[in-house]
Structure formats: C-alpha cells, structure tokens
Amino acid sequence: MFERIEALHPHYDPELRLLTLTLDHGKANEVGTVTLDAFEALCELLEHGEVACLCTTSRRASKSGTPIFISGADVTERVGWPDERVKAHVRRQRSILQRLRHVPLFTVALSHGVTLGWGLEFLLTADYCLTTPAGRFGLPETGLGIIPGARGTAELALAVGPAHALRLGCTGEEIGADEALRIGLCHEIVPDIDAGLARVRTFAELLRRRSPTAVAVYKRGLLAATGQAEAERLCIEAAAYERCIDTGQAAIGRASFSAIRAGEVPPWGPRRS
Amino acid sequence: MFERIEALHPHYDPELRLLTLTLDHGKANEVGTVTLDAFEALCELLEHGEVACLCTTSRRASKSGTPIFISGADVTERVGWPDERVKAHVRRQRSILQRLRHVPLFTVALSHGVTLGWGLEFLLTADYCLTTPAGRFGLPETGLGIIPGARGTAELALAVGPAHALRLGCTGEEIGADEALRIGLCHEIVPDIDAGLARVRTFAELLRRRSPTAVAVYKRGLLAATGQAEAERLCIEAAAYERCIDTGQAAIGRASFSAIRAGEVPPWGPRRS
Amino acid sequence: MFERIEALHPHYDPELRLLTLTLDHGKANEVGTVTLDAFEALCELLEHGEVACLCTTSRRASKSGTPIFISGADVTERVGWPDERVKAHVRRQRSILQRLRHVPLFTVALSHGVTLGWGLEFLLTADYCLTTPAGRFGLPETGLGIIPGARGTAELALAVGPAHALRLGCTGEEIGADEALRIGLCHEIVPDIDAGLARVRTFAELLRRRSPTAVAVYKRGLLAATGQAEAERLCIEAAAYERCIDTGQAAIGRASFSAIRAGEVPPWGPRRS
C-alpha cells in the first residue's frame, strides 16, 4: 500500500488509521522532483484509502545539530533549467500542494526545526499545525528575486492575516515558535516531537469514531466556502449537509444514537464524499 | 410587543433599548420547531422595532448542576421524519439564523455552560460573544453522520480561521472558555453571568447615544463586504456612507455637534436603514 | 524630491531607502484637503521612486499633554458644504487611501496616541502597525450620524475579524494599545517612539537587501488574492511568480546565490513591478 511513498518514510497505525510521515531525505529535507513525485502518490493514496489522519514530521538535524523540518525547495536541481521548465516545475508544486490541501481527511503538520520557503508553504496545506519550541519559520524568496510560488502568496494571509503575511513575505524576517503561535501560523506548541505525536493520536482517537464521509464533506464544504460571499457560502453548506443525508450517513447516525452514547463506533462504511 | 417571543423569556429595558433573552426551555435548551418559531418572530420584531441591543443568555443547569447555554438542536422531534422533511427543517434553521445574523442592531451572546452543535452555530449569528469560565464549546455533528448545517460549515472559519474550524468540525474536540477566547470563537471572558450582563449594559449605554440608522448601515455594509474582492468592498462602503447623508443622519450629526460633545443624545429619529 | 510632501514632514535615509513621516499639522493632526493633497503626492512619489520602506508616525501632543497620532478627519472645513461636495470629498479620501494601501513597498504605521476615525482608517492602509502604550483607538462615526467611509467599513474586518469590527464600529468603544494588539488592529507594542523607529529600521535593513521587484510583486499578489476563491487566488499567485522570472529577477537571484549568502546585495536594479 505504501511502496510508492517510501521516500516519505511512512508508518501506518491501522487501528487509529493514522499515517505518520517522518521526512528524512537530501541534505536538509529540501523538496525536489523525487519528493514531489512521492507527495503526488500520497495524494492518490489518501484520496482513495482508509487513512483518517495524516501527520507529517521530521527528526532530522543539520551537521551542527540544528533541527530541520523542511529547509525549502531543492533549488540546486534547477541549475541550468530554462525559464519555461522552472515555471512548469513551480506550477506542478502549486498543483500538488493544492491537491494535498484538499485530501478528504484531517491532516496535521508537526514542525521541529527549520521550516523555510516551500517548508512554510507545506504548513499551509495542513489542517492544523503543531510546532516544538525549535520551530523556525520564514520566507526567504524575495531575497532571491522570486516570491513564494506554491501557496505562500495566495494562501498565507488566510492563516495569519494580511499584516503578518506581508511582514514575512516582504521583509523575510524569520520567526520562532512563540511568534508563529501568536500570529496563527502554528496552532499549538508542544514540548517535543513525542508530545506532538501524542497530541496527534488524541485527534486520531476522536477521528476514528466519526463518519469518514461526514468529515470529508465538512472539510470540502468549509474550504469551498472560503473567499465566497455569504449567499454562496450558505449554498455550499446546504449542499454539503444534504450530501450527508443522501449518502445514508445521517440515517446510520440516527440508528446508532444509543451505541454512540455507549462509546461504540457505528458501521459508517467506507468514505463516500 | 413581546408576546410572540415569550418562549425566549424576554426582558426589555426601554431606557437602554436593551432586550435580554434568558433561554429556559426543554431538557437542556435544545432548539426545535417551537423555539425556531420564536426566533423567527424575534427577527421580525428586531427588524422593525426600536431595540438597539440584544443579549441572549441562559441560567439553566442540568440535573447534575452542569450549566447549559444551548445543548444543540432538538433531534428527538425528528424521529420518524422522512429525509425530505429533515432537509427542509435544516434549511429553515439556516435561513432563520442567517436572518438573525443580519438584524439591524448590535447583538451579543453570553454563554454560561454547554454550547454544542446548533448552540455553537447560534454564537455565529451574534456580533459579539461573551463567555463565563463555564462555557464549553463543540461540534459533535460528524460523530453523528452529519455536519453542522446552519453556519457551522459556512461561517465558522470567518470567526476562528480555517485551522481551528477544521479541528472543531472534523475531530469534534470540545474546548473550554480559555481556548474559545484564544481562537476567537468568544471575544471576552467575564467572571459570571451578572458581570456579563453588566458588560452588555456598557455596550447598550454607548449604543443608545448613536444613530440607529448609522449603526444599521455600518453593520449591513461590513457584513456585505465580507468575502468580496476589494473593488466590490469599497463600492459597498461608498453606498453605505452616502446612505447616511441621504437619510439626513449626517446633517443631524453636524447640527448636533456641540450637543453631542455635551453628552446629549441628538434627535436621530427612528432607524431608516 | 520631497517638496510636494513637505506638509507630511518627511525625513529620508537614502542608505536604508527609508522614508519617515512625522505628522505635525493643524490642531491635532486632523486630516483635511491640504493633507490629503500631500498624501496623494506621496502615492505618486512612492509608486515611482526608490523608497523601500515607509514609516508614518507623530510626536504631537495636545495642550494638556495627550499624545496624538491622527485625531480624525478635519470636519470643520466641511461646514456649509452641500451634500454632494461631502460625498465627493469622502470618495476622494477613500480613493487616496486605497492607492496608499497598494504602494509597491513595505509600509509601517507607528501610533503614539489618539488614533480615531480617519486615523484608524489610515492604519488600515499600512502593511504593519506598531503602537506605543499611549495608542488609543476608536471609531466615533456612528455617534455622529455617519459611518467610517474610507476603509473602516470595507476593510476593518480583514484586520480584526467581524466581531471586533462590529464592536468598534457599532458601539464606538475606544480601546488602548493592549486591546489593539489582542484583536489584531496593531501587530506589536513598542515601549516608545524611538523603540518603534528602531524596529522599523530592522525592517528597512532586511528590505534593502531584497529585490524591490519581487517585494512589489508579492505585495500586489497577496492583496489581489484577498477576498477571492481559491482557484482565482492560485491564478494570481501563478502570474505573480512568473512575473519574477520574466523580469529577470529570478535569474539575478540565481546568479548571485553565493554573493547573497556572503551578505552582499545583488544588482537587482530598479523596481519593475
């Protein structure tokens, strides 16, 4: 099941339906074509499999001992590429990260260390972001004559508001975990990676009891409503709600009401989002 | 004036033009058809009356002493309903809560206790949310095979951002008052209900001095601008500003400038939004 | 270079390319036609010049010693104006503040004192807002029969969310620096004006090393994406990214990679946004 994402070092807990990726590649977890291929395969797997919760983390450190989550895109592979190839490559990055943002399950990023450029953009694909005190975040792009091209321009302000997005993107100022929490780039600070993984397991415990269809429908509706006017937002919500009825999930929930109260997991069946 | 909303236990202070609802019905302030009817009548009353500030709260507690604001929708009344009736009922919920969100005056929710499902969605209709330390918030829906169908999918991210909205909606994790304040679901914590009511009275004191027309125009413009691109947002603002001139409110304000400075209330007249 | 903005008391540091305005006019830095003219000239200057960072502040105090940033619009000049002239004047305010919001460089407001009405709306044009503990913020408009007409209705909720925007605009409640930080109206508190100016210089130090073109493209893309649905946001990002390639800035960055690492500033050339 996981051979196509071996490059992402997957570990799967079938009882919790929790997939954990512990990134460990290249010099500093920089993301180039090979890793992108694996993330694309990951999307395919998540869209059709039973995984209910994804956690992406890293225990990597530099030679000098600095912890690293994702140091950025692999720019060395681009040496000598003509402009059109760079454009096509960044379009592919954007497209894969957009697809990852919409996988029909709950996703968590757990940063422990350097999270720059593409690494910060990866955070923006996660539903929820944890960081240890070692987290370090920044957008170096404008100092290199480019801009963040895979969500860092389009999506960052949705997470942190326009002011902090402009500060990070225009000035390139790097921030630590406390500041990332304050501005809303990360949502909780955990003492260390193990504590972060324990926090993710509490989410997975909650998620495994819930209708995979309803979770997927909720996430899709919420993301689709973003950036829409109210009338459109409410139309999206109406269609999403009625999808839960039409797939029979609401009826399963009603029929299982006592069982749910007693702590049992209803027979939701596979996701039908 | 208030007979059609008796089910909501209204108390009106005519000097402050402050209407306070102290919910107290059913087993746990669950909201079914009868209460929905009363909320619909409330909208009618607020749209045409002189009320300048609405506060909704509850002093209810469960048998075991747990404080309750609104425990959720009344799902027991739906037993045996065909799917189409459930859909129509939820459409009506959504429609009434949307109408309540747009009433032309300042509205405050003051939670003291359990605020789940529909209760949390009710918070999203209020302009401003207070909670006591007893506030407890969550979205159990995806654990029942459905999704929040009356603003909890469409509107929650506007209040708390996409990450916390996805966490609450996908995992169903419940949170307390401190966490609700941190993520922006509630906007202030007050020590207890009486302190919350005192806080609302300070708002009402400010509001009674202001042009009811200008307040209504401001609220309508601000809500209409949400989810629009900048050019459209500024068009909405321009029309709203000029409405204040065309209704004569700006002229009353200019003519009353010294009186306003001296603490008097200008003769704004009834709301003409 | 700066004669047309003398009314704004400019000081320019050519090494940092940092332009600092220290407002000091009228009774209380109220903004009327003359100051608006200067802000319009400022936009022209910033759109075509080399300035990389703008800071607007004030050391003004009232006779009784209350510090003042901008006390509001100059309403006394409007006495006797017919309605159509007031409308045209406010349209011009809105248009100039919109233009200022989009200047192709990083802008900071540093408030030390009273920041009411138009003053608060001015904050909403800045990319980043600092305040000293003396900052005091409010929207008195609805108490005067009008609404905030130059971003305070259209844009405030983007900075502070709908709840705090409705509270400020509907009730007119004034808030201090701590509360402005909490709700996201200001982004950092600095001990005093000199500390604020030092903070701005750290931004300017970062900015002078970066591609002026990439910074401008980032800011334009981020602002254009606001209030759009995701597909449109990503299209805007794609066009912005490719603009950095087509202007040759990405190539300069790649060619200067070692120099950038060594702390040198690449030959970015003038801004081509």
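Residues numbered from 1 in each chain as written. Chains lettered and ligands numbered in written order. Predicted model: local features only at pLDDT ≥ 70, side-chain atom pairs only at ≥ 80, totals over all residues. Heavy atoms only, no water.

You'll find chain A entered in an unreviewed UniProt entry as Enoyl-CoA hydratase, with Nannocystis exedens given as the organism.

Student: I'd like a description of the sheet that holds strand β9 (residues 136-138) of chain A, backed by residues and values.
Tutor: Residue and element names in this part refer to chain A. Spatially, the five strands line up as an open sheet ordered β4-β5-β7-β9-β10, and their pairing is mixed. Looking at strand neighbours, the two that pair on one side only are β4 (60-61) and β10 (175-176), the edges of this open sheet. The sheet contact formed by β4 and strand β5 (residues 67-70) spans two bridges and is antiparallel. Considered in β5, the bridge of Ala 61 is made with Pro 67. (Pairing = 2+ DSSP bridges. Helix = DSSP H or I, 4+ residues; strand = E, 2+ residues; numbered from the N terminus.)

Student: Tell me about the packing of helix α1 (residues 33-48) of chain A against helix α2 (residues 83-101) of chain A, and name the residues and values.
Tutor: All names here are of chain A. At a minimum axis distance of 10 Å, the contact between α1 and α2 shows a crossing angle of 30 degrees. Here α2 runs roughly parallel to α1, going by the angle between their axes. Here α1 and α2 pass one another in a crossing that is left-handed. Each of Thr 33, Leu 36, Asp 37, Phe 39, Glu 40, Leu 42, Cys 43, Glu 44, Leu 46 and Glu 47 in α1 lies in contact with α2, whose residues at this interface are His 89, Arg 92, Gln 93, Ile 96, Arg 99 and Leu 100. Looking at the contact of α1 with α2, its residues break down into seven nonpolar, three polar and six charged. (Axes fitted to C-alpha atoms, helices over the stretch in contact; angles between N-to-C directions. Parallel < 35°, antiparallel > 145°, perpendicular 65-115°, else oblique. Left-handed = near helix turned anticlockwise from the far one by under 90°. Contact = heavy atoms within 4.5 Å. Nonpolar A, V, L, I, M, F, W, Y, C, P; charged D, E, K, R; others polar.)

Student: Can you lay out helix α4 (residues 156-171) of chain C for me, pointing to particular residues and giving the numbers?
Tutor: All names here are of chain C. With 16 residues, α4 ought to run about 22 Å at 1.5 Å a step, yet its terminal C-alpha atoms sit only 15 Å apart, falling short of that. For α4, the principal kink sits at Pro 162 and spans about 100 degrees. Taking burial as the measure, the 16 residues of α4 include 14 buried ones, the bulk of the element. Within two residues after α4, Gly 172 carries a phi angle of roughly 75 degrees, on the positive side. (Expected span 1.5 Å × (residues − 1). Bend = angle between axes of the 7 residues up to and from the residue. Buried < 20%, exposed > 50% of the residue type's maximum accessible area, 1.4 Å probe, protein only.)

Student: Any details on the relation of the copies chain B and chain A? Residues and values, ideally.
Tutor: Between the two copies of this chain, the relationship is a rotation about some axis together with a displacement along it. Laying chain B over chain A is done by rotating through 120 degrees and shifting 0.0 Å along the axis; what remains is an RMSD of 0.0 Å. Such a combination of rotation and displacement between the chain copies is what one expects of a three-fold axis. When C-alpha distances to the rotation axis are compared across chain B, the minimum falls at Gly227(B), with a value of 2.9 Å. In this assembly, only 7% of the residues forming the interface of chain B have copies in chain A that are likewise at the interface, indicating a heterologous arrangement. (Least-squares fit on C-alpha atoms with pLDDT ≥ 70 in both.)

Student: Could you give an account of the interface of chain C and chain A, with specific residues and numbers?
Tutor: On the chain A side, the residues contacting the 44 residues of chain C number 44 residues. Summed over the three residues of chain C that lose the most area to chain A, namely Tyr218(C), Glu237(C) and Tyr241(C), the buried surface amounts to 21% of that side. There are seven salt bridges connecting chain C and chain A. In this structure, Asp83(A) and Arg254(C) form a salt bridge, with 3.8 Å as the shortest nitrogen-oxygen distance. At the junction of chain C and chain A, the tally comes to 23 residue pairs in polar contact (both at pLDDT 80 or more). (Buried area = accessible area lost by both parts, 1.4 Å probe. Salt bridge = Lys/Arg side-chain N within 4 Å of Asp/Glu carboxyl O. Polar contact = N/O pair within 3.5 Å; in protein donor to acceptor, adjacent residues only side chain to side chain.)

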